[in-house]
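Commentary on secondary and tertiary structure
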Amino acid sequence: MKTIFIMVKCELGKAYDVAAKTVENVEQVSEVYSISGKYDLMMKCYLSDEQDIGHFVNEKIQILGNIKDTFTMITFKAFN
């Protein structure tokens, strides 16, 4: 299992719609946060080790609509 974070820039006024649609339709997304700065949302995603990150972002996230840009962060180790 691998964890990635995707920061999403939305069309103006559409961040809450994108967040709701993501939570409803993408099972790999565990949490969606509204954030400040250049991006509107941050999505925490859990992918299987076999799942390709690029295909996931392109085929599951960027196609949701009202998304202008994404920035993906790949994690390496969790500390607790």
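Right above here is the structure, for reference.
Attention here is on the structure that accompanies the text. For clarity, every value in this text was computed on a predicted model and none was experimentally measured. (Residues numbered from 1 in each chain as written. Predicted model: local features only at pLDDT ≥ 70, side-chain atom pairs only at ≥ 80, totals over all residues. Heavy atoms only, no water.)

**A word on helix α1 (residues 15–25)**
Considered for burial, the residues of α1 that qualify are Ala 15, Val 18, Ala 19 and Thr 22. Here the buried residues of α1 occupy an arc of 100° about the axis, which is enough to place them on one side. Away from its buried face by more than 90 degrees, α1 exposes Tyr 16, Glu 24 and Asn 25. Those residues of α1 that are buried are in contact with β1 (2–10), β2 (29–34), β3 (41–47), α2 (53–61) and β4 (67–74). (Buried < 20%, exposed > 50% of the residue type's maximum accessible area, 1.4 Å probe, protein only. Helix = DSSP H or I, 4+ residues; strand = E, 2+ residues; numbered from the N terminus. Arc of directions from axis to C-beta. Contact = heavy atoms within 4.5 Å.)

**Quick word on the pattern of salt bridges**
Under the definition given, this model contains 1 salt bridge. Measuring nitrogen to oxygen at the nearest pair gives 3.9 Å for the salt bridge that ties Asp 17 to Lys 14. Lys 14 gets classed as partly exposed once you look at its relative accessible area, which sits at 31%. (Salt bridge = Lys/Arg side-chain N within 4 Å of Asp/Glu carboxyl O.)

**Comments concerning α2**
If you check which residues of α2 are buried, you get Ile 53, Phe 56, Val 57 and Ile 61. Buried residues along α2 cover an arc of 95° about the axis, so they all sit on one side. The elements touched by buried residues of α2 are β1, α1, β2, β3 and β4. Taking the backbone nitrogen of Gly 54 as reference, a side-chain oxygen 3.1 Å away marks Asp 52 as the first, capping residue of α2. (Polar contact = N/O pair within 3.5 Å; in protein donor to acceptor, adjacent residues only side chain to side chain.)

**Side note on the pairing of β1**
Bridge analysis of β1 against β3 gives 7 bridges, and the strand direction is antiparallel. Following the sheet pairing, Ile 4 is matched in β3 by Cys 45. Note that β1 and β4 share 7 bridges and pair antiparallel. Following the sheet pairing, Cys 10 is matched in β4 by Ile 67. (Pairing = 2+ DSSP bridges.)

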